[in-house]
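This is what each chain is made of:
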Amino acid sequence: MIPAIFILLLNISSQTIKTPGEFLGYEPGTQFTFHHRAVEYFRYVAEVSALAEYREYGKTYEGRPLGVCIVSSEENLANLEEYRKNNLIKTGLLEGEFTGKQVPFIWLAYNVHGNESAGMETAMKTLYTLVTRSYPGSDEWLRTCIIIIDPCQNPDGRDLFANRYRNSQALIQNPDGKSWEHNQGWPGARSNHYFFDLNRDWTWQTQTESTQRLALYNQFMPQVHADFHEMGAESTFFFPPGAEPWHEVITPWQHEFHKLMGKGNAQLFDEKSRLYFTKENYDLFCPSFGDTWPLFNGAVGFTYEQGGGGYSGLSLKLETGDTLTLKKRIDGHFTATMATLRVACENRTRLLEEFNRFFSDNMNKPSFRYKSIIIKGSNDKNSLEDLFSLLTKNQIRYSYAGNTGKKYKGFDYLANAEGEVTIEKGDFLISAFQPQSRFMQVLFETDSKASDSLSYDLTAWALPYAYNIKTYAVEDQIKGLPDKTIPETVMNHTDTGKPYGYIVDYTGFNTLKFISALTRKNIRARYSLKPFTSGGKNFNRGSFIIARGDNSNAGNKIDAVVTELANKYQVVLNRAETGMVEKGKDFGSEYSPVVKKSNVAILCGDGISAGPAGELWYMFERELDYPVSLINISNRENLDFSGYDVLLLVSGNYSKIRDTIVDFAKKGGRVVAFENAIQMFASDKSTSLSKAIATRTEELKASELKVKSDDPSLLKKFGDEDRHLLSERSAGSIYKVVVDTTNPFGFGLGREWFVMKRTQAYPFLPRGNNIGYITDNKPVAGFAGYKYQKLIKNTLVIGSEKTGNGEVIYITEDPYFRAYWKSGRALVWNTVFR
Ligand SMILES: [Zn+2]
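Residues numbered from 1 in each chain as written. Predicted model: local features only at pLDDT ≥ 70, side-chain atom pairs only at ≥ 80, totals over all residues. Heavy atoms only, no water.

(A) Structural context of the coordination of the zinc ion. Protein coordination at the zinc ion comes from His-113 (ND1), Glu-116 (OE), Glu-116 (OE) and His-229 (ND1), with a distance range of 2.0 to 2.5 Å. Binding-site remark: the zinc ion is held by donors from one chain whose sequence spacing is H-x2-E-x112-H. The exposure classification of His-113 matches that of Glu-116, with both residues buried. (Donors = N, O, S within 2.8 Å, 3.2 Å for Na, K, Ca; no water. Buried < 20%, exposed > 50% of the residue type's maximum accessible area, 1.4 Å probe, protein only.)

(B) The packing of helix α17 (residues 509-520) against helix α25 (residues 825-833), seen in detail. Across the interface, α17 lies against α25 with an axial gap of 10 Å and an inter-helix angle of 30 degrees. Taken as axis vectors, α17 and α25 run roughly parallel relative to one another. Note on packing geometry: the crossing formed by α17 with α25 is left-handed. Residues Phe-509, Leu-512, Ile-515 and Ser-516 of α17 form the contact with α25, whose participating residues are Arg-825, Ala-826, Trp-829 and Phe-833. (Axes fitted to C-alpha atoms, helices over the stretch in contact; angles between N-to-C directions. Helix = DSSP H or I, 4+ residues; strand = E, 2+ residues; numbered from the N terminus. Parallel < 35°, antiparallel > 145°, perpendicular 65-115°, else oblique. Left-handed = near helix turned anticlockwise from the far one by under 90°. Contact = heavy atoms within 4.5 Å.)

(C) Spatial organisation of the pairing of strand β2 (residues 65-71). Taken across its seven residues, β2 has six buried, putting it largely inside the fold. With seven bridges joining them, strand β1 (residues 52-59) and β2 adopt antiparallel strand pairing. Paired with Glu-56 across the two strands is Gly-67, which belongs to β2. Joining the antiparallel neighbours β1 and β2 is a turn of five residues, in which Gly-63 adopts a positive phi near 90 degrees. Strand direction decides the pairing type here: β2 and strand β4 (residues 146-150), joined by three bridges, are antiparallel. In the sheet register, Cys-69 faces β4, and the bridge partner there is Ile-149. (Pairing = 2+ DSSP bridges.)

(D) Structural context of helix α20 (residues 658-666). All of the buried residues along α20 are Ile-661, Val-662, Phe-664 and Ala-665. Seen from one end, α20 has its buried residues packed into an arc of 155 degrees, which puts them on one side. (Arc of directions from axis to C-beta.)

(E) The arrangement of the pairing of strand β7 (residues 243-246) in detail. Judged from the two bridges that link them, β7 and strand β8 (residues 283-284) form a sheet pairing that is parallel. By the bridge assignment, Trp-246 is partnered in β8 with Leu-284.

(F) The packing of helix α19 (residues 610-623) against α25, seen in detail. Closest axis-to-axis distance for the α19/α25 pair is 12 Å, and the angle between their directions is 85 degrees. With respect to α25, the axis of α19 lies roughly perpendicular. On α25, the residues touching Leu-616, Met-619, Phe-620 and Glu-623 of α19 are Arg-825, Val-828, Trp-829, Val-832 and Phe-833. Residue classes in the contact of α19 with α25 are distributed as seven nonpolar, no polar and two charged. (Nonpolar A, V, L, I, M, F, W, Y, C, P; charged D, E, K, R; others polar.)

(G) The arrangement of the packing of aromatic side chains in detail. Counted under the stated rule, the structure contains 55 aromatic pairs. Between Trp-204 and Tyr-820, the ring centres sit 3.6 Å apart and the planes meet at 10 degrees, which makes this aromatic pair stacked. Taken together, the positions of Trp-204 in the loop between α8 (155-168) and α9 (208-220) and Tyr-820 in the loop between β33 (806-811) and α25 put the pair 616 residues apart, joining distant regions of the chain. Exposure remark for Trp-204: the relative accessible area of 3% places this residue in the buried category. Pairwise contacts between aromatic rings join Tyr-110, Phe-228, Phe-237, Phe-239, Trp-253, Phe-257, Phe-269, Tyr-276, Phe-302 and Tyr-304 into one cluster. (Phe/Tyr/Trp six-rings, centres within 6.5 Å; stacked < 30°, edge-to-face > 60°.)

(H) Structural detail: helix α3 (residues 35-48). Here α3 is 14 residues long and its end C-alpha atoms lie 20 Å apart, about the 20 Å a rise of 1.5 Å per residue gives. Along α3, the positions that sit buried rather than exposed are His-35, Ala-38, Val-39, Tyr-41, Phe-42, Tyr-44, Val-45 and Ala-46. Summarising the contacts, the buried residues of α3 are in contact with α2 (20-24), β1, β2, α6 (118-131), β4 and α8. (Expected span 1.5 Å × (residues − 1).)

(I) Structural detail: unusual backbone geometry. Between Trp-186 and Pro-187 the backbone carries a cis peptide bond, its omega angle lying at -15 degrees. The residue Pro-187 is located in the loop between α8 and α9 in this model. Cis rather than trans, the peptide bond between Glu-244 and Pro-245 has omega equal to -5 degrees. With respect to the helices and strands, the residue Pro-245 is situated in strand β7. Here Arg-818, not a glycine, exhibits a phi torsion of approximately 50 degrees, which is positive.

See below:
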C-alpha cells in the first residue's frame, strides 16, 4: 500500500517535468543546444519520470558521453530485462527459455551527422512528449512498446557545429545564406573526430561511436529503427518507402511495412499541409547505413530526411522566397517521429510475428544460394583476425570447418571463377544456417542483386576482397566443428644467448605494427628485397631483420625489448645465428635496406577531402600507434615541409601550394599522391605521368572511342540523364589489381590485390615503376558503366617515379577505403617506411 502523499507526489512530478524550453532557458529552435545540455536534460527526465531510464553506453573520441533514454510504462521498465532477453531468444542469438512476453522495441536515432542538427533538438521534444503522454495515443504506445531514444549519435560533430554556429552567428537571426554563420569551413561538422561519416560505418564499425552504439543495439535487437537526417535546404521532406534499388534479401513484410509507414507519415504531413516526397534518392541496398543495416538485422529500418542541414542555420531564405527555420525543421522530424511510433504500435502484433519469422527462416531455410563459406586457414593470420572481429561485431557466427579432406566445387572469390576447394585442418566455416544468415549473405554474396543499378553509394563490398583472403562459397551444407578457438597466441621467450639477430616473416599488418613500434623505440630493422634462406628456413621478400649489429645503442636490452613487443603484436621471432644466409642476400647487403623512421605529414584544410585525410590520421594513430602531423594548408604563408620525410596528399586541390610540394620532392622528399591529388603531377609537363596522359589522349582521339558530331549516342533524353552519367563511371565497384611483387611498395599485397575503384583511368608510366595495374575490363564485383569498362583495361593503380632527388608515388584510389579496406594498410605503410 502506497501512502496517499506519495501518490500525490508522483502525480505532481509527472505534471511538473520541465519542458526542454524551461530546462534550457530558451525556446527550442531559437538556439542550437550544446550536446552536454541535451545529455543533462535526458538525465534529468530519467530522474524525475518513472517512464524513462537513462543508459550511458560509451564515450566519443573527444570524451563526450553517448547515451540513450529507454521509455515505456513503469510496468514494462520493471520487466525490461525479461523483455530484452525474450527478444534475443526469439532471434536465436541468445540461448534460454522464452517466457511468453514480447513487445516491440522501437529505436529512434538522431543526429548521426553532426550538422544535421534539428535531430537532437527533436529528440528532447520527443522525450518530453512521451514521458508526459501528451500526444494522442502515446499512452498506448508506452503500454505496448519499448522506445529507445538516442538523441545524438555523433556528439563530437554536433558540438563542432553548435560551437562554430554560436561563434559566428549574428545578434539578430540572419537568413542570408552568404553570411558566415551559414558557411562554416573545413572540416565539415557532418563527420566525427576523425572526419568519418558515421552513417557509412554501420557494418564496418571502425569508429568508436559505431562500435559502442551497435554493441547496445545488439543487446536489444529492435523491430523498428528510424534514423533522422537532413538533406539540402531547398528540398522538402523525405519519408519511406525507400527508393530503388532494394536489396533482394529485404523481405516482403519489410517492403509492406515501408509502405504502411509512408501512409502513416503522409497522413500527418497532409494534416499540416507540409510538402514531402517518397521513393526517391534514398535506396536500400548497401549495408553501410542506418536503414539497411537494421533491415539486414531483422528490423524495419527507415531514413528520414528533413530539408535543412548545417547551411540552414537558425533561419535561411530559400529560393522559393520562403524562410526555412530550425523550428520548422524540428516540426518535420517530430511529425515523422510521431508517425513512426503510431504506425509501429498499430502494427505491433505483425511486427513481432514477422521479426520472429525473419530469424527462424534464417536459421532453418536460408535464402543464400551458398550454404557454406570456406575461409582458408592458411590466409594471413592478422587478416583473418580482422575479419573475425568484424563478424563478431555483426553477430555472424563462424567456426572451424568439419569434413576435413573432402573436396567441394565452389566459387573462388579471389580468382572470381568457379573452382574447387579441399577442406584442410584449420580452415574456417561460416554456415548460412544461423540467425544472421541474411546479413551473412549480404556480406559474402558474389554478385549483389539489386532491383536497379542506380545506387546512392557502393555496388560491391564482398568481404574476401576487402581483406584479400582466400575464400570459397560452396552450395553444400557443411558442418562446423564445435571448437571455435581462433589461432593460438604467439609466445616468444627472451633469448639470453645474444643471437646475431632476429628474422620476422611478414604475416600481415601486425608485423608492420611491430616494426613501427620498434622504430619508435629507436630499434633499427632491415627488410630484404630478395627471398632468402636462413637457419634452414625460407623467408619471403619483405621479411624483416633485426640485427644486433644495427642496434649497439640498445646494448643487451635489445633482446628483451624485441621479445616484449613481438609478444604484444603476436609476431613470431626467428633466431639468426649468423648474418650470412644460405640462399639469397646477406643481412649486411644493400639488398637489405633499413626501415625508415619517417616523419610523416598528412596535408589537410580547405580544398582537401576530409574523409580520406581522416582515414589516414586514424590509421596512423589508432591502428599503427605512430605519430603523424596534420598540416593545414589554409595557412599557406607559413608552410614549411622541411622537417618531414613523407607528405601524404589525399584527394583534393593543391594548386595554390603546388610549387612548395614539388620543391619538397625535388630536394629529396617523398610525396604520396592519392586519387585526384595525382592531378597536380599530371599537369606538370616534366613528369612521366603527364607524358603518358598526353599519349593516351592522342590514342583515344584516333581510336574508335572517339565520338563523332553526328553520333546517335549524343541524343540523350533529359529524363535519362542519370543513366548516361552511369555509363561513364564505376559506382564503387571492385577491381583486381595485378601487383609487381618484387617492388617494395607492393610487399604484403600479394600477387593480386583488390581495390574499390571509383576514379578515372590513368595510363602506365613510360618511365618510373608500374607497381599495380588493372588488366581486365570488368570489375570482379559491382557496377561499372560500359564506357568506363572500355577505358579501364591496362591502366595504372600504383606507380612511382623519381623527381629531382625525391620521389612521387601515385595511388589512383583510396587504398584504405573508409578504414575497412584492411588489405590496403600494407600499401600505405610501405610508401611511408620502405
Ligand atoms: Zn545525414
